[in-house]
Amino acid sequence: MSEGNAKILQFAPFESFVSPTFWHKLAELKLDHDRLSDAKRSIFGHYTNRKASRCLLEVDYSAYNSSAQPPKFSHGAVGTIYNKNTIEEFKALDKTALLAEEGKCLLDDMNSGRVLNDASLLARFFVLSFADLKSHSYYYWFAFPCPLTPTLQLQCDALCLKELPNARQYAEAIRLLPADQQNFFVLYANEQENVWEARSLSAVLTQFDEQQSQHYYYCFADASEYENPSWLMRNYVAMLLQQCPSLVGRTLKFLGVRYDQQMQLDNSLIWQVVQAESSCNEQLQFVGWEVNRNGKMGPRMVSMRDSMDPAKLAENSINLNLKLMKWRLVPDLNLDIMAQSKCLLFGAGTLGCAVARNLLSWGFKHITLLDNGKVGYSNPVRQSLYTHADAVAGNRMKATTAATRLLDINPSAVCHGHVLEIPMPGHTIGEALRQQTEEHLQLIEQQVQQHDVIFLLTDSRESRWLPTLLGAAQQKIVINAALGFDSYLVMRHGSTRQEVGDVGNKEIAGLKCIGGEQLGCYFCNDVTAPGNSLKDRTLDQQCTVTRPGVSNIAASYAVELLVALLQHPQRDLAPAYYANSRNQQQQQPQLPEGLLGILPHSIRGMLCNYENILPATQKFAQCIACSKHVLDAYREEGHAFLFKTFETAKYLEDLTGISEFKRLNSEIIDFDDDKFDFSEDDED
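Summarised in this report is the structure supplied together with it.

Reading the values: rules and limits
- Residues numbered from 1 in each chain as written.
- Predicted model: local features only at pLDDT ≥ 70, side-chain atom pairs only at ≥ 80, totals over all residues.
- Heavy atoms only, no water.
- Helix = DSSP H or I, 4+ residues; strand = E, 2+ residues; numbered from the N terminus.
- Expected span 1.5 Å × (residues − 1).
- Buried < 20%, exposed > 50% of the residue type's maximum accessible area, 1.4 Å probe, protein only.
- Polar contact = N/O pair within 3.5 Å; in protein donor to acceptor, adjacent residues only side chain to side chain.
- Phe/Tyr/Trp six-rings, centres within 6.5 Å; stacked < 30°, edge-to-face > 60°.
- Pairing = 2+ DSSP bridges.
- Axes fitted to C-alpha atoms, helices over the stretch in contact; angles between N-to-C directions.
- Contact = heavy atoms within 4.5 Å.

### Concerning helix α3 (residues 95-112)
Then, number 1: The terminal C-alpha atoms of α3 lie 26 Å apart, and with 18 residues this matches the ideal 26 Å at 1.5 Å per residue to within 8%.
Then, number 2: All buried positions along α3 are accounted for by Lys 95, Leu 98, Leu 99, Glu 102, Gly 103, Leu 106, Leu 107, Asp 109 and Met 110.
Then, number 3: Here α3 starts with a cap whose side-chain oxygen sits 3.2 Å from the backbone nitrogen of Thr 96, and that cap is Asp 94.

This is how it looks when you write it as structure tokens:
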């Protein structure tokens, strides 16, 4: 201590130490709870006086807890965070006014006596911040408000506790006090009466004893490692002189409690100080802004991009757009239901790749693909999850390669690919392939059972029959997408679940309503069973020849239809509405809307005129995929029933009664013209 300022006590200011978890939690709260609100939020920090380094106040993810729970050997500090929505608001805020506002809160706690029951209020701090969640950069400025009171005069150099004659008694008295009460307390040390006793602030200051005060040591947990006390003592002195104005001008003894690694108190310091004049609360100013790393008054910035786990960083970034959508535009959007829904994609081709990418964009994490194809040279330009290198390798299967690519895009996703053949009606299975087909059937049934949503994205009609049947049998949501050259069909299959309770569908004038359990499936409009569409076909007939944009449009509609369905309170039982006459279609009655708009049964679109129509059809009682005849046969016979359909598609026609329709339709009624007299003129 130099000669010029030997009698003026200076304090070691607090330094903030911010754990990365503090910012991670702030980002989570901003996106999920605060959204556009920039209201202040209570937080907690902690500091330690055990082998203290510098003079640190620490905050981590636990700062946002509803109550302070400081770590062992630490003491709590009460704080507030002001997180602004824009960097401009952060810069423009009146910092002096904010410090004064927080300082007045500190004074109110002192004047009201609240600090006597909760001494952690003396360790007050606040944070002004802006979270740039797109770049994972955080701008912040800590402040530790303190009233600018008259200076304290040192009566002598600081004294180590171990230098006192009865240092052992002092230490034993302090140890008897519970650890959570050692942040601020008073030590009564009367050597004449051989009494050393630690007392709480409320016990001493509620009824202050002037005679005993000469034996008082005003103790605090000192986070400083320097000869000067920590910033906390400054607020402690201000509180004491406000509670007991008679102490102004008298010598006061302050004991900064400092533990070493072995929990000894030998290095604790004692300062004897005097404040010669009192302070006026009405004219008090406040100090306490923390200097930045350059030693200047100003905020700090930290980037979490490098310190965060790359997978967690990717997950936060991926979900950012969805959470912004939720708290800016659609506050009732249920993101959890999408993250938890498991999607099974039959087909990993052009539609499968596009649907999978759109599912990731909506926050779906559980995606499984089933396909038996290899990546060919023609695939990468149309199928977005494959590259030329995959085709060159020659042995990369679409299902497993697509799953790997999805994980490359979002490491936190749960993606799997299974290589298998989808057995189809009319595709006879020989004995040599029967065991393999059995295994594939078991795997397909298992996957359907384990997933919530099924997408039908294969390139033939008959390959959609088995997934349609299994989806209906196991009461799954089924979304179908099919392509033509310049047209597409996207539809949701009707549900086989039973409505719980009496949920009446809304009646709307001019519109016909079909309940979700009455909506038809992909095969309900057919009066013939699917056959082998690849037999006796030329190359152009075997391949899906379509305008390139059609698949992306259909895939987008398929995923959007699923999302809208999941957000509907009835989910797959949601009804569909349509105009039941051409005149009503022209009048365009208003379709009822859900959270994300209308929820059609199907979408049929054509690029030739850029139009969509939204037809709705009822279940067909003799459907070869979802009718009661077929479902009952599958449940009773299992794989035996399936193998009958694989042998010949006519089995399904006979089972459902479609054969009789076809027979009646083929009957020709011949008329003998001679038996009828056709005249040119009518006779009266």
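Moving on from the coordinates now.
### Concerning the packing of aromatic side chains
Then, number 1: In the structure shown here, the tally under the stated rule is 28 aromatic pairs.
Then, number 2: On the numbers, 5.1 Å between centres and 25° between planes, the contact of Trp 23 with Tyr 138 is stacked. Taken together, the positions of Trp 23 in helix α1 (residues 20-34) and Tyr 138 in strand β6 (residues 137-147) put the pair 115 residues apart, joining distant regions of the chain. As far as burial versus exposure is concerned, Trp 23 and Tyr 138 are alike and both buried.
Then, number 3: Relative to Trp 289, the ring of Trp 141 has its centre 4.5 Å away and its plane inclined at 40°; by these criteria the two rings are tilted.

### Re the sheet that holds strand β26 (residues 602-606)
Then, number 1: A sheet is described by the order of its strands in space; here eight strands give the open sequence β18-β17-β16-β19-β20-β21-β26-β27, paired in mixed fashion. For this open sheet the edge positions go to β18 (414-419) and β27 (611-613), each flanked by a neighbour on one side alone. Here the average twist between neighbouring strands, direction ignored, is 15°.
Then, number 2: Across five bridges, the pairing between strand β20 (residues 477-483) and strand β21 (residues 487-492) is antiparallel. Note that in β21 the partner of Ile 479 across the bridge is Arg 492.
Then, number 3: Packed on one face of the sheet, helix α10 (residues 350-361) meets β16 (342-346), β17 (366-371), β19 (453-456) and β20 and runs near 165° to β16.
Then, number 4: Helix α14 (residues 465-473) contacts β16, β19 and β20 of the sheet and is inclined by roughly 160° relative to β19.

### As for unusual backbone geometry
Then, number 1: One non-glycine residue, Asn 194, lies in positive phi territory at about 60°.
Then, number 2: Position of Asn 194 among the secondary structure elements: in the loop between β9 (184-190) and β10 (195-199).
Then, number 3: Of the residues examined, Asn 194 reaches a relative accessible area of 54% and is grouped as exposed.
Then, number 4: Non-glycine residue Met 263 carries a positive phi angle of around 65°.
Then, number 5: Its place among the elements puts Met 263 in the loop between β12 (252-257) and β13 (269-274).

### Here's the deal with the pairing of strand β5 (residues 124-132)
Then, number 1: In terms of burial, β5 is a largely internal element, eight of the nine residues being buried.
Then, number 2: As defined by bridge partners, strand β4 (residues 74-84) adjoins β5 across seven bridges and the pair is classed as parallel. Bridge pairing in β5 links Gly 79 to Phe 125.
Then, number 3: Summarising the sheet, β5 and β6 pair through seven bridges and their orientation is antiparallel. In the sheet register, Phe 126 faces β6, and the bridge partner there is Ala 143.

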